[in-house]
Amino acid sequence: MRKPWAELSRVEEVRDSARGWKSADAIDAPTLAAIETAYPDPRVRLHGFWRVLVFVLVSVIANALIWFIFSGARNLFAMGLVFGALLAGATEALRGSRYAGTGADSATSFWSVTYLLTAAADLLFRENTVGDRAAITLMILAIVLVGAIAAWRWGFWLYAACAAAAFYALLGRLPFGRVLWMAAAIAAMWLLRPRLDSARLAPAHRRCAAALFAVSAAALYAAFNLFSVDRHLIEMLRGYGPEAQTVVAPPAAAWRLVGKLGTLLVPAVYLAWGIRARRRLLLVLGLAAAALSAATLRYYVHIAPLWAVLAACGAILMGVAIAIQRALRARAGEEWRGWTAAPLYERERGGISPLAALAAHAAAAAHPAPAPERGGLETGGGEYGGGGATGRY
Amino acid sequence: MSPETVAAIARLREDRILSDAQAEAFGRVARGDLLSVRAELRLMLYAGVLLLTTGVGIFLKENHDRIGPAAIAAAIGAAALGCLWYASRRLPPFSWGSVESPHVAADYVLVLAMLLVGADLAYVESQFRVLGPNWAYHLLIVSVVYLVAAYRFDSRAVLTLALTSFAAWRGVAVGMPFGSSHYEAAAGSPGAVRANAIGVGLLYVAVGVLSARGRRKAHFEPVWAAAGMILVFGGVLSGVLDDGGAWIAWLAALAVLGAVALLACWRLRRPLEFAIATAALYVGGFRLLGEITHGQGALLIVAAWSTAALVFLIRATRRLKSTE
């Protein structure tokens, strides 16, 4: 990442914090204006929905132009390379312009990466330059390299996450893949932890580091999870994807014990680490891992019907959240060991988001079997919906 | 932790832009010495609502034969009332203004209560046929219940549910056959569905404007306006993209509506609604370009039209100064 881009990324961090202070009414408008003058950012700043629109528009423009110019071309490998290079150049130009962060640079970078990987796939699979097995490995390696370079150069965390996921897929193709996953994930988390707050890294690169950390934590949990051990999910990465039962023997008793302990302990470790170190990322990872462990438990132990388990888990989650909020509010200064339930200086819309409510509405749709018709009524039910909500009768 | 913000706070304190007290408070958060768990609590509450409502949905599906519809309906109703009681005890009293909820969980419990009410009413109607051939009216009842709750408890989320249910009642969302003689004429007719969408959309926009002007839950106006604009432009766009010969009339209507919406949003500094109108005009424009060129040089036309839309958006942003 070029130095000016990194500097602007730092400025953006300060301005975002200042807007948070203003939205919490902790500073007034003149103070915000003074801060924005002290930390000027010449870039165009767009509303979130506009960024999505710009992403779509730039994607359409780039692809339409490219396919128009190269409409007669037949060589997919060469086309992919040329398109990818052109769009990488466009991304370079946009990242250094005042239109960085508008969605335009995200779109060109995305299509650049996509076309470069298309070229690699064409070379490896259609041209049959190597065997299928090696081609898959090389393709995964290409994803690692392209994703890592894109993340390092442009600072988009999504590419870092993809590169990390591909890296673990690559490790899974080696002998002792599960052990390698464990070792690599622990090493990566240990190395990345101090870099999550490093002032030497630009905020965009810190977000990339956080993405790598999160993928590593997920990989560690996946390596320990009992379901993953029993189903040989990591070992399956070595083959082309045949059913695990036909190619892999049942796991050793020791591995199953490791799986049982890991399923139980890894979420607990993440949660404890997150609470102790005041790391929001670890807390979220711990919650997600705990949810997966609960699902694993339900898979092996049928303690109740599915509806009862879901409803009980939902009630427990809500109860725990309410209890945590109460406990924190009851403390002096409404905080405990640096944790609080108060919103602080984050920009927060009141209550649950309308879109989230619509998603919940969709999940809530009941599907009871209709009662038998009576009295010759013609009503047979139907469907309704709108804005993401659906229902049946 | 944000090292940039920590350094900036020190500089702003030296420059006397921030007071000592402000710098101390902001610095604590920027250094990571104080961290809010509010977002995580909300995530847990939301996941809880999702799991509970999904569980109830499966329960309704699997147990209505074994337990009996009356018992199930009573149980779900009791759960809904319990949630409503909990939320009403914790949420502030009614006000025509915006009311800050002091209890983060109460909002989620209210949404859960409303979802349970909706599921229960749907179940009762599907099992007992209370409304007979006019069963679709239960959606209207649900939307009215949601609307009352949204205004009483000042919930934008519940208002969204109310508007969606009302639109569903009109058969707007999917154009489904209502299955009763009363609605059979409209069933499956794109024209009727389109008219419903536009009518309901205009109604929503009008209510939004009245809310803002009358200062009666003026903060609900964006929800009314956005839902209304999506319905109106969706309805008009379906006419533009229709195979019939009236597309040119619909395109003219789109142009007029789009221009009015852009002007209004421009004057009112409304980036979201401005973007909705721009997107509708952008999509509608393809029909006109396609008809004029008969598909000749389609890729170039797509690129040129998209570039025009992009330039328009960026220029409008600069004028609107639409910072988040």
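Heads up: the structure comes first, above all this text.
Worth saying up front: this structure is predicted, and the values here are computed from it rather than measured.

Visitor: How should the nonpolar core be read in this particular structure?
Guide: The nonpolar side chains of a soluble globular protein tend to be buried, and buried together. Counting 61 residues, the largest nonpolar core has A:M318, B:L45, B:L60, B:V158 and B:L159 as the members making the most contacts within it. Of all the elements in the fold, those that place two or more residues in this core are α14 (306–330) of chain A together with α3 (38–63), α4 (69–90), α5 (104–128), α6 (137–153), α7 (156–169), α9 (190–214) and α10 (221–240) of chain B. Beyond its immediate stretch of four places on either side in the chain, B:L159 contacts B:L147, B:A150, B:Y151, B:F220, B:V223 and B:W224. Counting residues in hydrophobic clusters, the runner-up holds 49 residues, among them A:A6, A:L192, A:Y221 and A:I234.

Visitor: When you look at the side chain of A:S216 in this model, what are you seeing that I'm missing?
Guide: Residues and elements named next belong to chain A. Along the chain, S216 turns up in helix α9 (residues 203–224). S216 gets classed as buried once you look at its relative accessible area, which sits at 2%. A polar side-chain atom of S216 sits 2.9 Å from a polar atom in the side chain of Y168. With sequence-adjacent residues up to four places away left out, S216 is seen in contact with Y168, A185, A188 and M189.

Visitor: Please clarify how a positive patch on the surface should be interpreted in this entry.
Guide: Taken together, A:R98, B:R315, B:R318 and B:R319 make up a surface patch of like positive charges. Relative to the helices and strands, A:R98 resides in the loop between α4 (76–95) and α5 (104–126).

Visitor: Teacher, can you tell me more about the packing of helix α12 (residues 253–277) of chain A against helix α13 (residues 280–300) of chain A here?
Guide: When two helices pack together, their arrangement is given by the angle between the helix axes and by the axis-to-axis distance. Residue and element names in this part refer to chain A. In contact at an axis separation of 8 Å, α12 and α13 are set at 150 degrees when each is read in the N-to-C sense. The pairing of α12 with α13 is recorded here as roughly antiparallel in orientation. The handedness of the crossing between α12 and α13 is left-handed. Taken together, the residues of α13 that come into contact with α12 (itself represented by R256, T263, P267, Y270, L271, W273, G274 and I275) are L282, L283, L285, G286, L287, A289, A290, S293, T296 and Y300. Partitioning the contact of α12 with α13 into residue classes produces 12 nonpolar, 5 polar and 1 charged.

Visitor: Just to check I follow, could you spell out the packing of α5(B) against α7(B) for this structure?
Guide: Residues and elements named next belong to chain B. One can describe the packing of α5 onto α7 by two numbers: an axis separation of 9 Å at closest approach and a directional angle of 20 degrees. Taken as axis vectors, α5 and α7 run roughly parallel relative to one another. For the pair α5 and α7, the crossing hand works out as right-handed. Contact residues: α5 offers L110, V111, M114 and L115, while α7 offers A157, V158 and L161. Along the lines of polarity and charge, the residues of the contact of α5 with α7 split into 7 nonpolar, no polar and no charged.

Visitor: I tried to follow unusual backbone geometry on my own but got confused; where do I start?
Guide: Residue and element names in this part refer to chain B. Despite not being glycine, D154 has its phi angle at roughly 55 degrees, a positive value. On the accessibility criterion, D154 (14% relative accessible area) is buried. A positive phi is found at R215, a non-glycine position, where the angle reads about 50 degrees. By the element assignment, R215 lies in the loop between α9 and α10. Among the residues examined, R215 registers a relative accessible area of 67% and is labelled exposed.

Visitor: Honestly, a nonpolar patch on the surface in this entry has me stumped. Any pointers?
Guide: Among the surface-exposed residues, A:L65, A:W67, A:F68, A:I69, A:L76, B:L299 and B:L300 lie close enough to one another that they form a single nonpolar patch of about 580 Å² accessible area. Among the secondary structure elements, those contributing two or more residues to the nonpolar patch are α3 (48–69) of chain A together with α13 (298–320) of chain B. Among the elements that line the nonpolar patch, the one with the most residues is α3(A), at 4 residues. Residue position: B:L300 is located in helix α13. Judged by relative accessible area, B:L300 falls into the partly exposed class, the value being 39%.

Visitor: What should I look at first to understand the environment of A:V229 in this one?
Guide: Residue and element names in this part refer to chain A. In this fold, V229 is placed in helix α10 (residues 226–230). Residue classification places V229 among the buried positions, given a relative accessible area of 4%. In this structure, the C-alpha to C-alpha distance between V229 and R15, residues 214 residues apart in sequence, is 47 Å. With near-sequence residues (within four places) excluded, V229 lies in contact with R178, A223, F224, P251, W255, R256 and G259.

Visitor: Explain the sheet that holds strand β2 (residues 339–340) of chain A here, please?
Guide: Consider a sheet: its strands pair through backbone hydrogen bonds, and that pairing is either parallel or antiparallel. Strands sit in the order β1(A)-β2(A)-β1(B) across an open sheet of 3 strands; the sheet is mixed. Single-partner strands in this sheet number two, and they are β1 (335–336) of chain A together with β1 (35–36) of chain B. Alignment of β2(A) against β1(B), held across 2 bridges, turns out to be parallel. Counterpart to A:W339 in the pairing with β1(B) is B:L35.

What counts and what doesn't
Residues numbered from 1 in each chain as written. Chains lettered and ligands numbered in written order. Predicted model: local features only at pLDDT ≥ 70, side-chain atom pairs only at ≥ 80, totals over all residues. Heavy atoms only, no water. Core = buried A, V, L, I, M, F, W, Y, C linked by side-chain atoms within 4.5 Å. Buried < 20%, exposed > 50% of the residue type's maximum accessible area, 1.4 Å probe, protein only. Helix = DSSP H or I, 4+ residues; strand = E, 2+ residues; numbered from the N terminus. Contact = heavy atoms within 4.5 Å. Polar contact = N/O pair within 3.5 Å; in protein donor to acceptor, adjacent residues only side chain to side chain. Patch = residues over 30% accessible without salt bridge, like charges linked within 9 Å, V, L, I, M, F, W, Y side chains within 5 Å. Areas by Shrake-Rupley, 256 points an atom, 1.4 Å probe, with all protein chains shown as cover. Salt bridge = Lys/Arg side-chain N within 4 Å of Asp/Glu carboxyl O. Lys, Arg positive; Asp, Glu negative; His and termini not counted. Charge placed at Lys NZ, Arg CZ, Asp CG, Glu CD. Axes fitted to C-alpha atoms, helices over the stretch in contact; angles between N-to-C directions. Parallel < 35°, antiparallel > 145°, perpendicular 65-115°, else oblique. Left-handed = near helix turned anticlockwise from the far one by under 90°. Nonpolar A, V, L, I, M, F, W, Y, C, P; charged D, E, K, R; others polar. Pairing = 2+ DSSP bridges.

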